[in-house]
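Now for the letters of each chain:
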Amino acid sequence: MQVMENLVRTTVGMSTNIVWHECSIGKLERQNLLMQKGCVIWITGFSGSGKSTLASMLNRQLHCRGHVSYVLDGDNLRHGLNKDLSFKAEDRAENICRVGEVAKLFADAGVICTASLISPYRRDRDACRALVPDSMFIEVFMDVPLKVCEERDPKGLYKLARAGKIKGFTGIDDPYEPPMDCEIVIQLKDGKYQTPKAMAEQVVTYLEENGYLKA
Ligand SMILES: Nc1ncnc2c1ncn2[C@@H]1O[C@H](COP(=O)(O)OS(=O)(=O)O)[C@@H](OP(=O)(O)O)[C@H]1O
Ligand SMILES: Nc1ncnc2c1ncn2[C@@H]1O[C@H](COP(=O)(O)OP(=O)(O)O)[C@@H](O)[C@H]1O
């Protein structure tokens, strides 16, 4: 690190001689304008556990209440930003890392950013948590057993995986590590799965009770 006329030249990873520039508008000013606190809502769970359904319904509910939100969906991002990545462990880690960085930017912009990815490895999710101040990361675990996800199988992927036509499919022949201590768990209520509306309301209630829906 080298300091010249109040400018700090530094090296981060492979980037040498880079300098951080502060913007005259800060996070607090953006929050005040939007009347909300930017944060990352990280939804993790098996394929078919309802991540996209929850993300969509949650964002509908927030939008209807006048909040600015955005969804980063794993499947969708693999159509663009992450299309060069496979499903082997290193590529999944890179996938999660890139989405974590993007989510961090959205949250810094003051947006309530939902990231919905299988994100099967605890250390990858924890690395994303470490990117933002602790209170800005809300991990949501879709606690839906593999058997139920496999019965739902809306895209026919479990069937293909069981037939050996997809290799390394999460839950079948690839691991999933559930969170040990996350902010929200979506699970059975009175022995029944909650409706998408009720799942989203659970998250909105958390946001409200923890002061995210005001500046
Ligand atoms: N091998 C394998 N394992 C798991 N999932 C697979 C695989 N191959 C393709 N798909 C499809 O990719 C979607 C998951 O992408 P993600 O980016 O969320 O995965 S990960 O976080 O990198 O593990 C996942 O979407 P969701 O069903 O929404 O979870 C699948 O449609
Ligand atoms: N709470 C729920 N109750 C019943 N079915 C659900 C619920 N949430 C999602 N589903 C259904 O389960 C399937 C998988 O949901 P999806 O949101 O695509 O999961 P994921 O994004 O985790 O793969 C879809 O057919 C969806 O309609």
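Residues numbered from 1 in each chain as written. Chains lettered and ligands numbered in written order. Predicted model: local features only at pLDDT ≥ 70, side-chain atom pairs only at ≥ 80, totals over all residues. Heavy atoms only, no water.

- The chain is annotated in an unreviewed UniProt entry as Adenylyl-sulfate kinase of Ananas comosus.
- Under the heading Catalytic activity (unreviewed entry), UniProt records this for the chain: "adenosine 5'-phosphosulfate + ATP = 3'-phosphoadenylyl sulfate + ADP + H(+)".
- The record in UniProt for the chain states the following under Pathway (unreviewed entry): "Sulfur metabolism; hydrogen sulfide biosynthesis; sulfite from sulfate: step 2/3." (UniProt positions renumbered as here; feature names shortened; annotations may be inferred.)

Let's talk about the site of ligand 1
Right, so step 1: Residues in contact with ligand 1 amount to 20 residues; listed here are only the nearest, Ser47, Arg78, Arg92, Asn95 and Lys155.
Right, so step 2: Within the side chain of Lys51, an N or O atom sits 2.9 Å from an oxygen atom of ligand 1.
Right, so step 3: Burial of ligand 1 by the surrounding chains reaches 92%, relative to a free accessible area of 620 Å².
Right, so step 4: A per-element tally of the shell around ligand 1 places helix α4 (residues 89-108) first, with three residues.
Right, so step 5: Considering only residue class, the shell around ligand 1 consists of seven nonpolar, seven polar and six charged. (Near = heavy atom within 4 Å. Polar contact = N/O pair within 3.5 Å; in protein donor to acceptor, adjacent residues only side chain to side chain. Areas by Shrake-Rupley, 256 points an atom, 1.4 Å probe, with all protein chains shown as cover. Helix = DSSP H or I, 4+ residues; strand = E, 2+ residues; numbered from the N terminus. Nonpolar A, V, L, I, M, F, W, Y, C, P; charged D, E, K, R; others polar.)

Looking at the packing of aromatic side chains
Right, so step 1: Following the criterion strictly, the structure yields five aromatic pairs and no others.
Right, so step 2: A ring pair is formed by Tyr70 and Phe106, whose centres lie 4.9 Å apart and whose planes are at 5°; its orientation type is stacked. Taken as a pair, Tyr70 in strand β5 (residues 69-73) and Phe106 in helix α4 lie far apart in primary sequence, 36 residues in all.
Right, so step 3: Within the aromatic cluster, the residues linked to one another by ring pairs are Phe46, Phe141 and Tyr176. (Phe/Tyr/Trp six-rings, centres within 6.5 Å; stacked < 30°, edge-to-face > 60°.)

Overview of the site of ligand 2
Right, so step 1: Taken together, 13 residues lie near ligand 2, and Gly48, Lys51, Ser52, Thr53 and Gln194 sit nearest.
Right, so step 2: Here an oxygen atom of ligand 2 sits 2.7 Å away from a polar atom, N or O, in the main chain of Gly48.
Right, so step 3: At 2.5 Å, a side-chain N or O of Thr53 approaches an oxygen atom of ligand 2.
Right, so step 4: Contact with the protein chains hides 71% of the accessible area of ligand 2, taken as 570 Å² for the molecule alone.
Right, so step 5: For the shell around ligand 2, the elements supplying multiple residues, two or more each, are α2 (51-64) and α8 (196-209).
Right, so step 6: With three residues, the top contributor of residues to the shell around ligand 2 is α2.
Right, so step 7: Class assignment of the residues belonging to the shell around ligand 2 gives a composition of four nonpolar, seven polar and two charged.

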